[in-house]
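Coordinates in review
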Amino acid sequence: VDTKIVYNGNAQDFYIGLDDSADDLAIGLGSTVGTTPAVTIDEDQKVVFPAAHVTIGDGTAEDTALIYNGNAQDFYIGLDDSADDLVIGLGSAVGSTAILSMTEDQDVSIQATKKLYFDGFGNTYLSESSSDVLMVTIGGTDRWKFSGGNILAYADDNNDIGAAGANRP
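Here goes a summary of the coordinates provided. Here, residues in each chain are numbered from 1, in the same order as that chain's written sequence. In keeping with the model being predicted, local features are shown solely for residues with a pLDDT of at least 70 and side-chain atom pairs are shown and tallied solely at 80 or more, while totals for entire chains, interfaces and linings include all residues. In computing side-chain values, all of the structure's heavy atoms are included and hydrogens and water are not.

For the rest of this paragraph, the subject is the pairing of strand S8 (residues 85-90). Here S8 shows one buried face, formed by Asp85, Val87 and Gly89, and one open face, formed by Leu86, Ile88 and Leu90. One bridge is not enough; two strands pair if DSSP finds at least two bridges between them. For the purposes of this entry, the term helix denotes a DSSP run of H or I that reaches at least four residues, the term strand denotes a run of E that reaches at least two, and both are numbered from the N terminus. Bridge count between strand S7 (residues 75-80) and S8: 6 bridges; the pairing is antiparallel. By the bridge assignment, Asp80 is partnered in S8 with Asp85. Counted between consecutive antiparallel strands, the loop separating S7 from S8 contains 4 residues, among which Asp84 sits at a positive phi close to 60°. Sheet analysis places S8 next to strand S9 (residues 98-102), joined by 4 bridges and oriented antiparallel. Looking across to S9, one finds that Gly89 is bridged to Ala98. Burial status follows relative accessibility: with a 1.4 Å probe on protein chains alone, a residue under 20% of its type maximum counts as buried, one over 50% as exposed, and anything between as partly exposed.

As defined by bridge partners, strand S3 (residues 24-29) adjoins strand S4 (residues 37-41) across 4 bridges and the pair is classed as antiparallel. Among the inter-strand pairings, Gly28 is bridged to a residue of S4, identified as Pro37. Where S4 and strand S5 (residues 47-48) come together, 2 bridges link them in antiparallel fashion. Bridge pairing links Ile41 to Val47 in S5. The turn joining S4 and S5, which pair antiparallel and follow one another in sequence, is formed by 5 residues; a positive phi near 65° is taken by Gln45.

Here is the structure:
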């Protein structure tokens, strides 16, 4: 037998109750538990939102976020309302230690200090080898060095390639 509380609205009813057939706590639309659930929680505390989408926030001027509370480090995915950017970062406050952000114009900014992997097939990544040199590495071999917008070296011949580009590969 389903145990429930029904909130009898003017045009629509809502329920909170135990769906005995699934053994889940459910919140949903209607007066019969299990019909049109909006949120269910099972015995493993898995929360399910069966709707096609979930809206976070109500459009007011405030940051909204999902916080992943880790053992030693928290992470967040959220909306930085002051900049109107989607942000992924470290910490529990949106905007603190942003790692990746995207603007409404779809400009993406990445704040990586170590390596940025592009794929897992050839271990392709960018890394900063010093404070002003950017390395492009493919398959474990440094291929290109960049500094100040200029290509400094190409791995196959290790010739310096400056702004004039005398030794382009």
